[in-house]
Amino acid sequence: MNDILPEHSHVWQFLEDCAREVFQSAGYCEIRLPLVERTELFSRAIGEVTDIVEKEMYTFEDRNGDSLTLRPEGTAGCVRAGIERGLLHNSQPRLWYSGAMFRHERPQKGRYRQFHQIGVEAYGMPGPDVDAEQILLVRRLWQRLGIRAELRLNSLGTPESRQEYRAALVHYFEQHQSQLDEDSRRRLHTNPMRILDSKNPALRELIEAAPSLPDYLDADSREHFRQLCQLLDDAGVDYVLDPRLVRGLDYYTRTVFEWVTDALGAQDAICSGGRYDGLVTQLGGRPTPAMGFALGMERVVTLIEQQAPDRPPAMLPHVYVVHSGEPARRLAFEVSELLRDQVSGLRLMLNCGEASFKAQFRRADNSGASVALVIGEQEASTRTVQFKPLREHSEQQAMTLDALPDALAALIDR
Ligand code: HAM
């Protein structure tokens, strides 16, 4: 679990602002969901035999003896809210959310126990159009952020076609049981498709020769996927078809995708999602097709810091107000409030805490401000202010309070 420090927080804000803008421009509305849900919601939605449910959830009993869990992801809570609040059948809702998620994983670079996602979910649309829309939204977001990632795409078909594939996989791996590692052997009869996701290099060849999911797709899913690929081709999206992409949550049907990067080491997925047409019914709602994704904010922030030198800089103050003595302090407060009222967008930092002029100028310099406003005894008595440029060699000049707003407004567009 990490602190997000001021030196990084402006990059987080940049990501949040761009995501909000891109999603809202396509009609997605924000939903704010609780951090805690009943444990049962996650085991039913994500699947009993997934890594998340088997070993990664932060689960506790509350004072009533109810089993609660810190959310490991946002989709289950979003579906729960949609069913409870009757959101899912209101003119095809499109939703987005952001916030902290919790998984008790082994921490490493890019993998944390408290991490943050921005997610998008859409309900009631069965066709490949909304799948394409969401993939294009992500591409647009990467472009706005100035980062690059590769899109991997697959279709998991319907639960029925997947059963057939599952049986073929079990049959195949059973014949090669001695080559499987412990984890995969355990998965063989509980969740054999997860074996395909194994990172163990010793299994690579075996996995490569395993039956391939696209060969088992039902005709409707095949056509759905063909149309999605067509829409992506039309929009000039580059993607790699990855028949081994199965995802670690059980709720997916048909389209699944991941955006990956080679710039972050082992934790290479920055955004993942797909279609989950069966989940709403599984959680007690009316049949409702659904499609969504979530991006990992820590990973995307790291990529922005590596790849986007043109990102907006940290928000430094434009002005630092330096003053000495009580009359000057009173005028400094008056001037600061006046300027905050009159100069929109102005970032003004007022010195607080007694200090010599010298120390205050040091603070002004460290703040990054481009101008200091200086108020001493004499300025207090004449109700003027010294305007002192800090980053260029021009003279300081005395100004009346009337002249200040225009002089400072000129700093803002620079
Ligand atoms: P997920 O693949 O488990 O999917 O997580 C989505 C993204 O969250 C990942 O691609 C990764 O960037 C980030 N992430 C996951 N675990 C960690 C971690 N421990 N530390 C840092 N980042 C992490 C879901 O959560 C689905 N709910 C996505 C979805 C929404 N599918 C449909 N709708």
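Rules and cut-offs
- Residues numbered from 1 in each chain as written.
- Predicted model: local features only at pLDDT ≥ 70, side-chain atom pairs only at ≥ 80, totals over all residues.
- Heavy atoms only, no water.
- Salt bridge = Lys/Arg side-chain N within 4 Å of Asp/Glu carboxyl O.
- Helix = DSSP H or I, 4+ residues; strand = E, 2+ residues; numbered from the N terminus.
- Buried < 20%, exposed > 50% of the residue type's maximum accessible area, 1.4 Å probe, protein only.
- Near = heavy atom within 4 Å.
- Polar contact = N/O pair within 3.5 Å; in protein donor to acceptor, adjacent residues only side chain to side chain.
- Areas by Shrake-Rupley, 256 points an atom, 1.4 Å probe, with all protein chains shown as cover.
- Nonpolar A, V, L, I, M, F, W, Y, C, P; charged D, E, K, R; others polar.
- Contact = heavy atoms within 4.5 Å.

Asks: Honestly, the pattern of salt bridges in this entry has me stumped. Any pointers?
Replies: Two side chains bearing opposite charge may form a pair once their charged atoms approach each other closely. Scanning all chains against the criterion turns up 26 salt bridges. Arg247 is the salt-bridge partner of Glu258, the closest N and O atoms lying 3.1 Å from each other. Pair noted here: Glu258 is in strand E9 (residues 253–260) and Arg247 is in the loop between strand E8 (240–241) and E9, with a separation of eleven residues, a long-range link. Grouping residues by exposure puts Glu258 and Arg247 together as buried. Through salt bridges with shared partners, a single ionic network connects Asp51, Glu54, Lys55, Asp183, Arg186, Arg187, Arg194 and Asp197.

Asks: I keep staring at the site of the ligand and nothing clicks. Help me out?
Replies: Close contacts around the ligand come from 26 residues, with Glu73, Glu105, Glu121, Tyr252 and Ser272 the closest. A distance of 3.0 Å is found between an oxygen atom of the ligand and a side-chain nitrogen or oxygen belonging to Gln117. Within the side chain of Glu121, an N or O atom sits 2.8 Å from a nitrogen atom of the ligand. Out of a free accessible area of 660 Å², the ligand has 96% covered by protein chains. Considering every element that reaches the shell around the ligand, the biggest residue donor is strand E10 (residues 269–275), with six residues. Looking at the shell around the ligand, its residues break down into eleven nonpolar, eight polar and seven charged.

Asks: Before we go on, may I ask you to explain the side chain of Ser212 in this structure?
Replies: Position of Ser212 among the secondary structure elements: in the loop between helix H8 (204–208) and helix H9 (219–234). For Ser212, a relative accessible area of 18% corresponds to the buried category. When sequence neighbours within four positions are dropped, the list of residues in contact with Ser212 reads Tyr165, Pro243 and Arg244.

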